[in-house]
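# Coordinates in review
One-letter residues, chain by chain:
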Amino acid sequence: MTLMKPELSRDVAEALAAGGPVVALESTIITHGMPYPANLETALAVEAVIRDNGAVPATIAVVNGKLKAGLEASELEALAQAKGVVKASGRDLAVAMVRGASAGTTVSATMILADLAGIDIFATGGVGGVHRGAEQTFDISADLTELGRTKTAVVCAGVKSILDIAKTLEYLETQRVPVIAYGTDDFPAFFTRSSGFKADHRLDTPAEIAKAMLLHHGLGTGTGLLVANPIPEAAALTPEFIDGTIADAVREAEEKGIGRKELTPFLLARINEMSGGESLKANIELVKNNAALAARMAVAYSALKLASK
Ligand code: PSU
Ligand code: MN
C-alpha cells in the first residue's frame, strides 16, 4: 500500500522539491496549548522566525479532514479560534479524516505527518513525557514512543516539571532516542534552563547537530532525535516562581480526576492562569528560540544532504 502524503502549501512543496530547508511546526500548541489570540500571534511569529533564519515553515494540522503541511494565514486563524477542535496524536488522525474534522496535531502526529511529507526537522515548545504518578496512572505520552519509531529531529526546550523528568529521560533511553542538549550540559526544564538532570549529549552548533542527524539516520537506527534548547536567559522563570504553581496545578488535576488527553491542556491553562500570564510569556519566547535553532539546523542539514548525494 502506498503511503499518504499531506497536502503541501506551495512554498513548502517548492522547498522540498529543491532539497531546501523546511521546518515542521505542530498545531496542538495552537488549539490546546495557548489561549487566543496569543496562540495565533505566536504561530505567525514563529513562522516569521523560521523564514528569517533561512528556512520554510510548514505548520502541520488536519483541516476539514485533510492532512496539511503548510497552512494559509486564514487556516491558521480558523484553527486558533475554533472551539472543541480535536487534539490528535498519531492514533487519532485516521478517524479525524473520516469525520472531516479539523484537528491540532501533537508532537506524535506532527512527526508522522512531517515524515510522510519528507520534512526532517520539527520545532515545538515542549514534548509530552512521563507524567508524575505514572506508576499509578500509566500516563506516558505517545510523543515518546513516536520518537522511538519515527525519524524526525524534534527541537524542544526540554520537558516541564508537570512531568516526571527523570522517568521521561529513562523512557527516551529505552526508546533509543538520543537526547542532545544545545550549548549546555544540563537537560533544560522548559521554563527554566536546567532540570537538575544532565542531558546524554551536548553539541554546540547547528552544524554539529545536523551532522549527528545524518550519521544517526545513516546507521539505520530508525529513531528520532530530541534536541533540547534551553529557554533564553532573559525569558527564563525561576524555580522559586514556577515550581509551586506547577505543583498546585498537578494537585488540582488530581483532585478533579482529570486524565488522558485532557491532562496536559488542563495543566498548561491552569499554570498560565495561576502565574498571571508569566508562563505564557516564557512559553512564547522559548518556542521562537527553538524555531530559530531548528531553522539553522535545517539549513545545515539540507546542505549536508545535498553534498552527500
Ligand atoms: N507541552 C507544552 N505545550 C503543548 C504540549 C505539550 O508545553 O502544547 C502539547 C504538544 O502538542 C504535545 C502534547 O505533543 O501536548 C502532549 O500531550 P499528551 O501529554 O496528552 O501526550
Ligand atoms: Mn497522556
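Residues numbered from 1 in each chain as written. Chains lettered and ligands numbered in written order. Predicted model: local features only at pLDDT ≥ 70, side-chain atom pairs only at ≥ 80, totals over all residues. Heavy atoms only, no water.

## With respect to the environment of P232
So the rule is basically this: Secondary structure follows DSSP: runs of H or I at least 4 residues long count as helices, runs of E at least 2 residues long count as strands, and numbering of each begins at the N terminus.
As for its placement among the helices and strands, P232 is situated in the loop between β13 (225-228) and α11 (239-256). Linking P232 and S74, residues 158 residues apart in sequence, is a C-alpha distance of 31 Å.

## Digging into the pairing of strand β3 (residues 56-63)
Stated precisely, the cut-off is as follows: Exposure classes here rest on a 1.4 Å probe applied to the protein chains alone. A residue is buried below 20% of its type maximum, exposed above 50%, and partly exposed in between. Pairing between two strands requires that DSSP report at least two bridges joining them.
Burial within β3 is extensive, with 8 of its 8 residues counted as buried. Alternating residues of β3 divide into V56, A58, I60 and V62 and P57, T59, A61 and V63, and every residue in both groups is buried. Taken together, the 4 bridges between β3 and strand β4 (residues 66-69) define a ladder with antiparallel strand orientation. Paired with A61 across the strands is K68, a residue of β4. Counting the residues in the hairpin turn of β3 and β4 gives 2 residues, including N64, whose phi is positive at 45°. Sheet topology places β3 next to strand β6 (residues 103-105); 2 bridges connect them, and they run antiparallel. Bridge pairing in β6 places V62 opposite A103.

## Regarding the packing of aromatic side chains
Worth spelling out the cut-off: Any two rings among Phe, Tyr and Trp, with Trp reduced to its six-membered ring, count as a pair given centres within 6.5 Å; such a pair is stacked if its planes are under 30 degrees apart, edge-to-face if over 60, and tilted if neither. In this scheme, the term charge over a ring applies when either NZ of a lysine or CZ of an arginine sits within 6 Å of the ring centre and within 35 degrees of the ring normal.
Counted by the stated rule, this structure contains 1 aromatic pair. A ring pair is formed by F190 and F191, whose centres lie 4.8 Å apart and whose planes are at 90°; its orientation type is edge-to-face. The ring of F190 has K160 sitting right over it, with the charged end atom 3.6 Å from the ring centre.

## Structural notes on the environment of G257
Structurally, the position occupied by G257 is in the loop between α11 and α12 (263-274). Its relative accessible area of 61% is what places G257 among the exposed residues. As for G257 and G54, which are separated by 203 residues in sequence, their C-alpha atoms are 45 Å apart.

## Some points on the site of ligand 1
Stated precisely, the cut-off is as follows: Here a residue is near a molecule or strand as soon as one of its heavy atoms is found within 4 Å of it. Any N or O atom pair separated by 3.5 Å or less is treated as a polar contact, with the protein-specific requirement of one donor-capable and one acceptor-capable atom, and with residues adjacent in sequence counted only for side-chain atom pairs. All accessible areas in this document rest on Shrake-Rupley with a 1.4 Å probe, and a residue is counted as covered only by the protein chains that are shown. Residues were grouped as follows: Ala, Val, Leu, Ile, Met, Phe, Trp, Tyr, Cys and Pro as nonpolar; Asp, Glu, Lys and Arg as charged; and all remaining residues, including Gly, as polar.
With respect to spatial proximity, 15 residues lie near ligand 1, and among them E26, S141, D143, K160 and T264 are the closest. D143 is positioned with one of its side-chain polar atoms (N or O) 2.7 Å from an oxygen atom of ligand 1. Between an oxygen atom of ligand 1 and a side-chain N or O atom of K160, the distance comes to 2.2 Å. Relative to its unbound accessible area of 470 Å², ligand 1 is 92% covered by the protein chains. Every element with two or more residues in the shell around ligand 1 is listed here: α2 (28-33) and α12. Here the element with the most residues in the shell around ligand 1 is α2; it accounts for 3 residues. Per-class residue counts for the shell around ligand 1 are 4 nonpolar, 7 polar and 4 charged.

## Section: the packing of helix α10 (residues 206-218) against helix α13 (residues 278-307)
In plain terms, the rule: Axis definition: a line fit to C-alpha positions, over the contact stretch in the case of helices; interaxial angles, taken between N-to-C directions, run 0 to 180 degrees. Relative orientations are named as follows: roughly parallel for angles under 35 degrees, roughly antiparallel for angles over 145 degrees, roughly perpendicular for angles from 65 to 115 degrees, and oblique for any other angle. Here a crossing is called left-handed whenever its near helix is offset anticlockwise from the far helix by less than a right angle, and right-handed whenever the offset is clockwise. Residue contacts are defined here by distance: any two heavy atoms, one from each residue, within 4.5 Å place the two residues in contact.
Where α10 contacts α13, the two axes come as close as 8 Å, and the packing angle between them is 55°. In terms of orientation, α10 lies oblique with respect to α13. Along this stretch, α10 crosses α13, giving a crossing that reads as right-handed. Listed contacts from α13 to P206, A207, I209, A210, K211, M213, L214 and H217 of α10 are L293, R296, M297, A300, Y301, L304 and K305. Here the contact of α10 with α13 is built from residues that sort into 11 nonpolar, 1 polar and 3 charged.

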